[in-house]
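The lines below spell out each chain.
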Protein chains: 2
Amino acid sequence: MPTTPLKNDLFLRALRRQPVERTPVWLMRQAGRYLAEYRATRARAGNFLALCKTPELACEVTLQPLDRYDLDAAILFSDILTVPDAMGLGLHFVDNEGPAFHRPLREPADIARLPVPDPETELRYVMDAVRTIRAALAGRVPLIGFAGSPWTLATYMIEGRGSRDFVHAKRLRYDAPELLEQLIGTLTQATALYLAAQARAGADALMVFDTWGGVLDPDGFRRFSLAPMTALVARLAELAPGVPVILFSKGCAAHLPALAESGCAALGVDWTVSMAQARAAVAGRVALQGNLDPAALFAAPAAIRAQAARILAEYGRGSGHVFNLGHGIIQGTPPDHVAALVEAVRELSPAYQHGAPG
Amino acid sequence: MPTTPLKNDLFLRALRRQPVERTPVWLMRQAGRYLAEYRATRARAGNFLALCKTPELACEVTLQPLDRYDLDAAILFSDILTVPDAMGLGLHFVDNEGPAFHRPLREPADIARLPVPDPETELRYVMDAVRTIRAALAGRVPLIGFAGSPWTLATYMIEGRGSRDFVHAKRLRYDAPELLEQLIGTLTQATALYLAAQARAGADALMVFDTWGGVLDPDGFRRFSLAPMTALVARLAELAPGVPVILFSKGCAAHLPALAESGCAALGVDWTVSMAQARAAVAGRVALQGNLDPAALFAAPAAIRAQAARILAEYGRGSGHVFNLGHGIIQGTPPDHVAALVEAVRELSPAYQHGAPG
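Everything numeric in this text was worked out from a predicted model, so none of it was measured. In this convention, every chain numbers its residues from 1, walking through the sequence in written order. Numbering of ligands from 1 and lettering of chains from A proceed in the order in which they are written. pLDDT decides what is reported in this predicted model: residues at 70 or higher carry local features, side-chain atom pairs at 80 or more are listed and counted, and totals for whole chains, interfaces and linings draw on all residues regardless.

Asker: It is not clear to me how the overall build of chain A should be interpreted in this structure. Could you clarify?
Answerer: Helix and strand definitions follow DSSP, with helices as H or I runs of at least four residues and strands as E runs of at least two, each counted in order from the N terminus. Secondary structure assignment for chain A yields 15 helices and nine strands. Note on method: radius of gyration uses C-alpha positions; expected globular size equals 2.2 Å times residues raised to 0.38. Relative to its length of 358 residues, chain A is compact, with a C-alpha radius of gyration of 19 Å against a globular reference of 21 Å. By principal-axis analysis of the C-alpha atoms, chain A measures approximately 60 × 45 × 40 Å. Long-range contacts, defined here as pairs at least 24 residues apart, represent 73% of the contacts in chain A between residues at least 6 apart. C-beta atoms are first placed from the backbone for all residues, and any pair lying within 7 Å is then listed as a contact.

What follows is the structure, given as structure tokens:
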């Protein structure tokens, strides 16, 4: 991949805890249904999966929020379930319900025979999207690649769809932990190759979404969420050296100290913990990304600005903070409220950064 | 209320951290759809709300799990939304969706005109259920009364139904916190009267379900969940002196030290924290109730027994532990697995209790 020099590398500097002039900001699910232009492109694509699988359209929606807002990073438009889909489970989306698999894992033999997909063949459309976006960005801001965490992918593959109670995945966790470890081992291997390929295709940073880490008991979290993510980070250090990795375990504020030992560059932080507590918990070992309640974007711009000010103050002085939400933008969020947030972070954050009067 | 002497007061002694011979056990939602006899009674009632509103049938389903299992407490069969219903919001249940209100709160004026219901008139059917159950129990085990926490009730009243993102309630939290405090103040007053009336009708202990405390940011939790529950506990100390109160904030393990300062007798503990950590966090100020993952009941009896053994060992020696799940029994739980759990707690817990070889 030929490297275009980045015009704005604030995000990468913050991930490395290097000096920055202001706190970089991007928002999880910044390309999405709250934007009219996204809904128009999705309508042209026909459905969500077609949008993910058509590199030109995935590129189009990836860039849409950057044209509206002064964001400091782009994130590949895709879905965490592309990997299980490439393993043969048959991903599809059910209206008003979300993702589902035609062939969920039901028998131990289903786990044993899972293939590890080759990213440049079975997931070629994702790599093409990364290359297309990277070229279209032309160095404007860094591009983030991503994948689901092994545990999070396992829950969907076992349940066959989204779940509230995760009874099938948990039954495996309690009844046959070795079998669950086998599945998660395969997923860790597949995810490492997938993320490394995204880095080769042009992703400047890699993020792992551990959406369901928080539904596990503490032992289960260590064994089935944290341990495989730690192995994944170690493998990526070999396969994609120098590319920063962000881990985001939603609902896992209590596990921040353990997550900070994983070798990752940064941790995502949801809104259930203050940035001051989170920063103390990781003790300077990693950068932090977060932590505004996405529902706060439904409040008036003045209240949004006050919350941004609070989070910046709670993180305090110095680099290592990437402003973000504590979870993805909620459908129905007023787009001008997102503008108010981005503007507030740009205006208020220099006071906490390099060059600010001490 | 004439007092029948209790034949089994293990549960009340554990709440007071007095010596017990074994760890008492009951299970949240122990009367429910996983039991065929419950489904039969509910079918006779016609629907869930009719079941709640018919004291004889509510009594029948309350006693069903006690006839199957050696449980150490009964809990009133009812719903947390009876109080908003009595305030005039029009509770009903939508198939496959859950509770909803015909008249959710939409305007500040809706909040200002909310009445505080008189429990013995507007909620008479609940008090009659408590009296009926208490008489039917005839001192077999203690009876637990309950209510939703002010914040949890507020979310349903504002959203109009269950929610994933709580955007209406959170908008009020960020845009008009004083208005939210006014609503929560009214709910605290109503809930105190409601729980005190349950105690007068015969409830031996009172539990507050703060199901949605965990969706708040830390400041929001302190202001809108913890502070009103603390006020509620203080009011109950006047209105129902000597009746132990259990607070259960789901997803709030990080707030256990603060919750332990509320004046309550015991705290519910979900499964995201070990009982050893939870016990250390509350430092002997309160008893603890929990903390098995309800999904673990889908595992084989041997695995359930191993999890029960782990939790008992993690709590360790001494009183102050009420064994329970970390959330309600999940629909579809095999009833014989519940039997295996109760049996395991009865067999394994004496080793940690009074009289056990030190």
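Asker: So what exactly am I meant to see when it comes to helix α9 (residues 167-175) of chain B here?
Answerer: Given 3.6 residues per helical turn, the α-helix brings residues three or four places apart onto the same face. Partly exposed residues are those falling between the two cut-offs: more than 12 but fewer than 20 other C-beta atoms within 10 Å of their own, whereas 20 or more means buried and 12 or fewer means exposed, with C-beta atoms placed from the backbone. Within α9 of chain B, burial applies to Val167, Ala169, Lys170, Leu172, Arg173 and Tyr174 of chain B. The inward-facing, buried residues of α9 of chain B abut α14 (301-315) of chain A together with α8 (150-159), α10 (177-201) and α11 (218-239) of chain B.

Asker: Any chance you could explain the relation of the copies chain A and chain B here in plain terms?
Answerer: One chain copy maps onto the other through a rotation about an axis and a shift parallel to that axis. The transform that puts chain A on chain B rotates by 180 degrees and translates by 0.0 Å along the axis, for an RMSD of 0.0 Å. Seen this way, the second copy is the image of the first under a two-fold rotation axis. Across chain A, the smallest distance between a C-alpha and the rotation axis is recorded for Ala254 of chain A, namely 3.5 Å. Here 100% of the contact residues of chain A are again contact residues in chain B; the copies associate through an equivalent surface. Alignment of the copies relies on least squares applied to C-alpha atoms, considering only residues that score at least 70 for pLDDT in both.

Asker: Help me understand the interface of chain A and chain B in this model?
Answerer: Many authors give the size of an interface as the accessible area that is lost as the parts come together. Taken together, the 25 residues of chain A in the interface contact 25 residues of chain B. Elements represented by at least two residues in the side of chain A that touches chain B include exactly α9 (167-175) and α14 of chain A. Think of it as three bins: nonpolar holds Ala, Val, Leu, Ile, Met, Phe, Trp, Tyr, Cys and Pro, charged holds Asp, Glu, Lys and Arg, and polar takes everything else, Gly as well. Broken down by class, the residue content of the side of chain A that touches chain B amounts to 15 nonpolar, four polar and six charged.

Asker: Explain the sheet that holds strand β1 (residues 74-75) of chain B to me, please; I cannot follow it from the model alone.
Answerer: Paired through their backbone hydrogen bonds, the strands of a sheet run either parallel or antiparallel. All names here are of chain B. If you walk across this open sheet you meet the seven strands as β1-β4-β5-β6-β7-β8-β9, and the pairing is parallel. On the outer flanks of this sheet lie β1 and β9 (321-325), each paired with one strand and no other. Only the stretch in contact is used when a helix axis is fitted, and all axes are lines through C-alpha atoms; the angle between N-to-C directions ranges over 0 to 180 degrees. Its contacts with the sheet place helix α7 (residues 124-137) against β1 and β4 (143-148), and it is angled at close to 160 degrees to β4. The pairing criterion for strands is at least two bridges between them, as found by DSSP.

Asker: What am I meant to see in the sheet that holds strand β8 (residues 287-292) of chain A here?
Answerer: All names here are of chain A. Spatially, seven strands are ordered β1-β4-β5-β6-β7-β8-β9 in an open sheet, and the strand pairing comes out parallel. Edge positions in the sheet fall to β1 (74-75) and β9 (321-325), since each has one partner strand and no second. Bridge count between strand β7 (residues 266-269) and β8: four bridges; the pairing is parallel. Residue pairing for β8: Val269 is matched across the bridge by Gly290.

Asker: Would you take a moment to explain α14 of chain A for this structure?
Answerer: In this scheme, a helix's expected span is set at 1.5 Å multiplied by one less than its residue total. With 15 residues, α14 of chain A extends 21 Å between its outermost C-alpha atoms, agreeing within 8% with the 21 Å of an ideal straight helix rising 1.5 Å per residue. Burial in α14 of chain A covers these residues: Ala303, Ile304, Gln307, Ala308, Ile311, Leu312 and Tyr315 of chain A. Buried residues along α14 of chain A sit against α13 (275-282), β8, β9 and α15 (335-348) of chain A together with α9 of chain B.

Asker: I keep staring at the confidence of the model for chain A and nothing clicks. Help me out?
Answerer: Note: predicted coordinates in regions of low pLDDT should not be interpreted at a detailed level. The predictor reports its confidence for every residue as pLDDT, a score running from 0 up to 100. When pLDDT is averaged across chain A, the result is 96; 99% of the residues are at 70 or more. In the predicted assembly, ipTM is 0.95 and pTM is 0.97.

Asker: It is not clear to me how the pairing of β9 of chain A should be interpreted in this structure. Could you clarify?
Answerer: Two faces, one strand: in a regular strand the side chains alternate between the faces of the sheet. Residues and elements named next belong to chain A. In terms of residue burial, β9 counts as a mostly covered element, since five of its five residues are buried. A two-sided burial pattern is seen for β9, the buried positions comprising His321, Phe323 and Leu325 on one face and Val322 and Asn324 on the other. Relative to β9, β8 is paired through five bridges, and the arrangement is parallel. Looking at β9, one finds that Gln289 is bridged to Val322. In this view, the connection linking β8 to its parallel neighbour β9 by way of α14 has right-handed handedness. By the criterion used throughout, a crossover qualifies as right-handed when its path from the first strand across the helix to the second strand runs clockwise, the strands pointing away from the viewer.

Asker: Before we go on, may I ask you to explain the packing of helix α14 (residues 301-315) of chain B against helix α15 (residues 335-348) of chain B in this structure?
Answerer: The relative placement of two packed helices is expressed as an angle between their axes plus a distance between the axes. All names here are of chain B. For the pair α14 and α15, the least separation of the axes is 9 Å and the interaxial angle reads 40 degrees. For the element pair α14 / α15, the angle class is oblique. For the crossing formed where α14 meets α15, the hand is right-handed. When α14 is examined against α15, the residues Pro301, Ile304, Arg305, Ala308, Ala309 and Leu312 are found in contact with a partner set consisting of His337, Ala340, Leu341, Ala344, Val345 and Leu348. To sort the angles, those under 35 degrees are grouped as roughly parallel, those over 145 as roughly antiparallel, those from 65 to 115 as roughly perpendicular, and the leftovers as oblique. Whether a crossing is left-handed or right-handed is set by the direction in which the near helix is turned from the far one by less than a right angle, anticlockwise for left-handed and clockwise for right-handed.

Asker: Would you mind showing me how to read unusual backbone geometry here?
Answerer: Excluding glycine, most residues fall at negative phi; most peptide bonds, likewise, are trans. Residue and element names in this part refer to chain A. Note the cis peptide between Gly290 and Asn291, where omega equals 0 degrees. With respect to the secondary-structure elements, Asn291 resides in strand β8. Of note, Ala283 is a non-glycine position whose phi angle comes to about 50 degrees, a positive value. Tracing the backbone shows Ala283 in the loop between α13 and β8.

Asker: Which parts of the structure should I look at to understand the packing of helix α5 (residues 82-89) of chain B against α8 of chain B?
Answerer: All names here are of chain B. The interhelical angle for the contact between α5 and α8, taken along N-to-C directions, is 45 degrees, at an axis separation of 10 Å. In terms of axis orientation, α5 runs oblique to α8. Seen along the crossing, α5 lies across α8 with a hand that is right-handed. In this structure, α5 contributes Val83, Pro84 and Leu89 to the contact, and α8 contributes Leu153, Tyr156 and Met157.

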